[in-house]
Amino acid sequence: MLEVCVTWDLLPGVSQETYGAWAKMAVATTLKQPGLVEFRANRNMLGSPEIRTTSVWRSGADWIAYAEGGWKTVERELRGLATNVRMEVWGPSPLVPEPLRPGK
């Protein structure tokens, strides 16, 4: 599994209506991708970055297929609405490859 986190701040003056329309398109595009396991979106309660999305992919190949396809459109439009766009791609830890939960 691979986890991709993208964070950003909205540019000053971007309307919620414009951003909302982009977000609907971006989520719909992402959800159609083969190999997507999960998609989450969060807002930072303490400031910047304002927004974080996390997508979980079955494999690196699935993520690369999205990165070379649908993500290009999503990212191009995002860069017109946002600043401080940052991406992190995370793989499993060799020491703790699966989630640990208390009492299990």
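Nothing here was measured: the structure is a model prediction, and the numbers come from that model. (Residues numbered from 1 in each chain as written. Predicted model: local features only at pLDDT ≥ 70, side-chain atom pairs only at ≥ 80, totals over all residues. Heavy atoms only, no water.)

Engineer: What's the story with the packing of helix α1 (residues 16–31) against helix α3 (residues 70–78) in this structure? I'm lost.
Structural biologist: When two helices pack together, their arrangement is given by the angle between their axes and by how far apart the axes lie. Between α1 and α3, the least distance of the axes is 10 Å, while the angle of their chain directions is 165°. Taken together, the axis directions place α1 and α3 in an arrangement best described as roughly antiparallel. Between α1 and α3 the crossing geometry is left-handed. Between α1 and α3, the contacting residues are W22, M25, A26 and T29 on the first element and G70, V74, E77 and L78 on the second. When grouped by side-chain class, the residues that make up the contact of α1 with α3 number five nonpolar, two polar and one charged. (Axes fitted to C-alpha atoms, helices over the stretch in contact; angles between N-to-C directions. Helix = DSSP H or I, 4+ residues; strand = E, 2+ residues; numbered from the N terminus. Parallel < 35°, antiparallel > 145°, perpendicular 65-115°, else oblique. Left-handed = near helix turned anticlockwise from the far one by under 90°. Contact = heavy atoms within 4.5 Å. Nonpolar A, V, L, I, M, F, W, Y, C, P; charged D, E, K, R; others polar.)

Engineer: What am I meant to see in the packing of helix α2 (residues 60–67) against α3 here?
Structural biologist: Put simply, α2 and α3 touch, their axes get as near as 5 Å, and they point 55° apart. Judged by the angle between their axes, α2 and α3 are oblique. Contacts between α2 and α3 involve W63, Y66 and A67 from the former and G70, W71, K72 and V74 from the latter. Of the residues that constitute the contact of α2 with α3, the class distribution is five nonpolar, one polar and one charged.

Engineer: How should α3 be read in this particular structure?
Structural biologist: Owing to its 3.6 residues per turn, the α-helix brings residues three or four apart onto one side. Within the sequence span of α3, burial applies to G70, W71, V74 and L78. Buried residues in α3, looked at end-on, bunch into an arc of 90°, giving them a common side. In this fold, the buried residues of α3 make contact with β1 (2–10), α1, α2 and β4 (82–90). (Buried < 20%, exposed > 50% of the residue type's maximum accessible area, 1.4 Å probe, protein only. Arc of directions from axis to C-beta.)

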